[in-house]
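Residue-level structure breakdown
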Amino acid sequence: MFGDVVEPSIKVGTKKWYTVPLSIITHVAVLGALIVIPLMATDMMPTPQSVLAFVAMPPPPPPPPPPPPPPAPPQPVTPQPVTVVNPNAAPVEAPKDIKPEPPPAPPSMTGVVGGVAGGIPGGSVGGVVGGIAPPPPPPPPQAPVRVGGDIKEPKKIKDAKPVYPPLAQTAKISGIVIIEAIIAKDGSIRDAKILRGMPMLNDAALEAVRQWRYTPTTLNGVPVEVVMTVTVNFTLNEPQ
């Protein structure tokens, strides 16, 4: 062991002096080739999508369509003169020849639809024999007018006391019977009906009212029928 220390088997400085720089240059050249060669082949490398997003911009939107042309102004309408020919107007120019008017057709001796026996030849449809029209039908009767306003209440010129029914008198039934009466043009009672009353007194009240008489009522000087309300009072002391 001490012999190896005194005289080692591996001696430093046995290699040549240029081996270390040559080794460094070789390593640098290899590393440079590894870096430069990939950079020179960029056309064969795929382009990332993020790069394409920045490189390939979307096309700009198309320009808006041009506005429609303004409508053409309406053409003025020139009114055309309208010539109206009046058949009854006198001619402007004299005709070359005047034709005589044809003679009137003789009256037909045959009957026509709608005629009557004994009619006059040449008469019109719907006419009457002798040319005299029948008198118009009489106007419908005027409805009775109600008393009030311009229609004054007529005055009673004949009165009749009602007969108190014995059964109602025995039952001590009294009260007022209200009747609607229609007074004719001559003042008599044409119709009467009960508006409010009592069953045992109604007939006696109607019998009495039908005997009443009033002064005739006129409207514009014409006699008219009127409608008015009358009352009949029944009391146990003295029938009215």
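To start, this report covers the structure provided alongside it. (Residues numbered from 1 in each chain as written. Predicted model: local features only at pLDDT ≥ 70, side-chain atom pairs only at ≥ 80, totals over all residues. Heavy atoms only, no water.)

**Points about the sheet that holds strand 3 (residues 175–183)**
Read from one edge of the open sheet, four strands run 1-8-3-4, paired in mixed fashion. At either end of the open sheet lies a strand with only one pairing partner, and these are strand 1 (145–146) and strand 4 (189–196). Here strand 3 runs beside strand 4; their pairing, made up of six bridges, is antiparallel. Counted as the bridge partner of alanine 181 is alanine 192 from strand 4. Each of strand 3, strand 4 and strand 8 (226–234) is contacted by helix 5 (residues 199–209), which is oriented at about 40 degrees to strand 3, the strand it contacts most. (Pairing = 2+ DSSP bridges. Helix = DSSP H or I, 4+ residues; strand = E, 2+ residues; numbered from the N terminus. Contact = heavy atoms within 4.5 Å. Axes fitted to C-alpha atoms, helices over the stretch in contact; angles between N-to-C directions.)

**So, the nonpolar core**
By size, the foremost hydrophobic cluster in this structure holds 24 residues, and its most contacted members are Ile179, Trp212 and Phe234. Those elements that provide at least two residues to this core are strand 3, strand 4, helix 5 and strand 8. The residues touching isoleucine 179, leaving out its near neighbours within four places in the chain, are Ala192, Lys193, Ile194, Leu195, Ala205, Leu206, Val209, Met228, Thr229, Val230 and Val232. (Core = buried A, V, L, I, M, F, W, Y, C linked by side-chain atoms within 4.5 Å. Buried < 20%, exposed > 50% of the residue type's maximum accessible area, 1.4 Å probe, protein only.)

**Things to note about the pairing of strand 3**
The element strand 3 is extensively covered by neighbouring structure, given that eight of its nine residues are classed as buried. Pairing of strand 3 with strand 8 involves nine bridges; the strand directions are antiparallel. The residue bridging isoleucine 176 from the neighbouring strand is asparagine 233, located in strand 8. The antiparallel hairpin formed by strand 3 and strand 4 contains five residues in its connecting segment, where glycine 187 sits at a positive phi of about 95 degrees.

**With respect to the side chain of glutamate 180**
One can find glutamate 180 in strand 3. For glutamate 180, a relative accessible area of 15% translates into the label buried.

**So, the side chain of threonine 217**
Structurally, threonine 217 is set in strand 6 (residues 217–219). With residues near it in sequence (within four places) discarded, threonine 217 still touches Ile151, Lys152, Pro154, Val222, Pro223, Val224 and Val226.

Without other data, these values stay purely geometric and don't point to any function.
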